[in-house]
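# Secondary and tertiary structure notes
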Amino acid sequence: MNVRHTDEAKKSIGVSTLELLKTIFEQSSGLPPGVGATRFRAKYPKWMDELHSMGHSSILLKPDFTKDTYRVSAYVLPLIESQHASELLACMEAVYKYLRKYYDEHLLQPIRANQLIETAGIEYTLLLESLCYMRDVDGWWSGLGNDFPLETSSTIVVNERVLKYDSFSELISRVYENTYVIPARYPGGLTWVDQFDESLVQSNHPEQEVRNTTDIIAIEILIHPLIQKSSLKLFLDGHLREAVLNSIVAVFDLIRDRTGLKEDGDRLIGKAFSLDDPFLVLSELATESGANDQKGFMQIFKGAYQGIRNTKAHRLEHDLTEHKAAQYLVFASLLARRVDEASLMKRTDP
């Protein structure tokens, strides 16, 4: 697998964290592969603070506190020197190639786990383990059944974007670029880019003053890709109310996409982030700080719906300036990132 930007990712992550992640990977077992979290911290107390600080905010570590396990994500595998990691990555590339062909022939028709296992032509255990890691990477699936791929009757819906990216390594490389390369190259987002795409600043409103290129770069770096897709063009064209409204709608659509829930507003948030029976877990609920994180963001999500989505949807008048609207998009990006990085405890089948 030819993954780009691994050197930049390693430099940003640091030697100690890479050693920690490699140790978790090497000691992982079972499906999904993982290590006992409590036992691991007791065995390696030198990493206790680092593990706590990573929590659910890291794309590299996938804690499942309901099962007391740690698992490294697929984004770790290209960064560690391991024969087994290389085998998994090669398997992922083969599965991705198969799924591109499947989508071309069947479009959005779901494929069952047992059908994929039978037809992909890959060794059973290696394939199951690879699929457990592949779930971590966005851009190739748009719907997952409960316990995919371990439940043989569970299904997955392949995303049309598999036709856009030729290889699975491209999906990982894009995340490395967005997470480690761009922020390092443009700290704070306020650095001139020589070959900036001028189409981004074209406006249908000539009376508006031309924005400074560095401001646009700052916005692109700070906002989540989902919010870029839903709102950036509207923002650049001067449709500030619509840009802000769409950003919050996109966040709630993301929650529904991940959980399979159909509700909206308070009811959706209450179910998705329930402390007793959550679909999505933001932090370690067994700890006071983790429970507070979950409860606090439940209120933030509800407030975003009531204070932003409802008010912008029900009134055409607004007091938005470009500066304020940009801050709303950054806020929505934070919410989208927390949803992205939350651990999925269960899902309502479509």
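Per-chain numbering applies: the sequence of each chain, read as written, is numbered from 1 onward. The model is predicted, so local features are restricted to residues of pLDDT at least 70 and side-chain atom pairs to those at 80 or more, both for listing and for counting; the totals for chains, interfaces and linings are taken over all residues. Here the side-chain values reflect all heavy atoms present in the structure, with hydrogen atoms and water set aside.

Each axis is a line fitted through C-alpha atoms, and for a helix only the stretch in contact is used; angles between axes span 0 to 180 degrees, taken between their N-to-C directions. Note on conventions: DSSP H or I runs of at least 4 residues are helices, E runs of at least 2 residues are strands, and numbering of each starts at the N terminus. Orientation of helix α5 (residues 83–106) relative to helix α7 (residues 124–134), taken along the N-to-C sense of each, is 80°, at an axis distance of 9 Å. Considering their axes alone, α5 and α7 lie roughly perpendicular with respect to each other. Here His84, Glu87, Leu88, Cys91, Met92, Val95 and Tyr96 of α5 come into contact with α7, specifically with Leu126, Leu127, Glu129, Ser130, Leu131, Tyr133 and Met134. Residues are grouped as follows: Ala, Val, Leu, Ile, Met, Phe, Trp, Tyr, Cys and Pro are nonpolar; Asp, Glu, Lys and Arg are charged; every other residue, Gly included, is polar. Taken together, the residues of the contact of α5 with α7 sort by class into ten nonpolar, two polar and two charged. Roughly parallel means an angle under 35 degrees; roughly antiparallel, over 145; roughly perpendicular, 65 to 115; everything else is oblique. Throughout, a contact is declared for two residues whenever any of their heavy atoms are within 4.5 Å.

Here the focus is α5. Counted at 1.5 Å a residue, the expected span for α5 with its 24 residues is 34 Å, and the 34 Å between its end C-alpha atoms agrees. Among the residues of α5, Ala85, Leu88, Leu89, Cys91, Met92, Val95, Tyr96, Leu99, Tyr102 and Tyr103 are the ones counted as buried. Pairs of N or O atoms within 3.5 Å make up the polar contacts considered here, provided that, within protein, one atom can donate a hydrogen while the other can accept it, and that residues adjacent in sequence are counted only when both atoms are side-chain atoms. For α5, the N-terminal capping position is held by Ser82, with its side-chain oxygen 3.3 Å away from the main-chain nitrogen of His84. Trailing α5 by a residue or two, Leu107 shows a phi angle of about 50°, which is positive. The span one expects for a helix is its residue count, reduced by one, times 1.5 Å. Burial here depends on accessible area, computed with a 1.4 Å probe over protein chains only, as a share of the maximum for the residue type. Under 20% is buried, over 50% is exposed, and the range in between is partly exposed.

Just to be clear on terms, a salt bridge is a Lys or Arg side-chain nitrogen sitting within 4 Å of an Asp or Glu carboxyl oxygen. Following the criterion strictly, the structure yields 13 salt bridges and no others. Here Asp166 and Arg100 are joined by a salt bridge, their closest N and O atoms 3.4 Å apart. Separated by 66 residues along the polypeptide, Asp166 in the loop between β5 (155–158) and α8 (168–185) and Arg100 in helix α5 bring together distant segments of the chain. When its relative accessible area of 55% is taken as the criterion, Asp166 is described as exposed. The partner of Arg256 in a salt bridge is Asp253, with the nearest N and O atoms 2.8 Å apart. Of this pair, Arg256 and Asp253 both sit in helix α11 (residues 240–259), three residues apart, which is roughly one turn of that helix.

Let us look at the environment of Glu93. With respect to the helices and strands, Glu93 occurs in helix α5. Each C-alpha atom of the pair Glu93 and Met134 lies 9.8 Å from the other, and the pair is 41 residues apart in sequence. Residues contacting Glu93, with those up to four places away along its chain left out, are Met1, Ser167, Phe168 and Ser169.

This part covers the environment of Tyr180. The topology assignment puts Tyr180 in helix α8. Each C-alpha atom, one on Tyr180 and one on Glu8, is 6.4 Å from the other, the two residues being 172 residues apart in sequence. Every residue in contact with Tyr180, bar those within four places of it in the chain, is listed here: Glu8, Ala9, Ser12, Ile13, Ile59, Leu60 and Val175.

Take the pairing of β5 next. Of the pairings in the sheet, the one linking strand β3 (residues 111–112) to β5 comprises two bridges and is antiparallel in character. Within the sheet, the bridge partner assigned to Ile111 lies in β5 and is Ile156. In this sheet, β5 lies alongside strand β4 (residues 141–144) in antiparallel orientation, the contact comprising three bridges. Residue pairing for β5: Leu144 is matched across the bridge by Ile156. By the convention used here, strands pair only if DSSP detects at least 2 bridges between them.

By themselves these figures say nothing about function.
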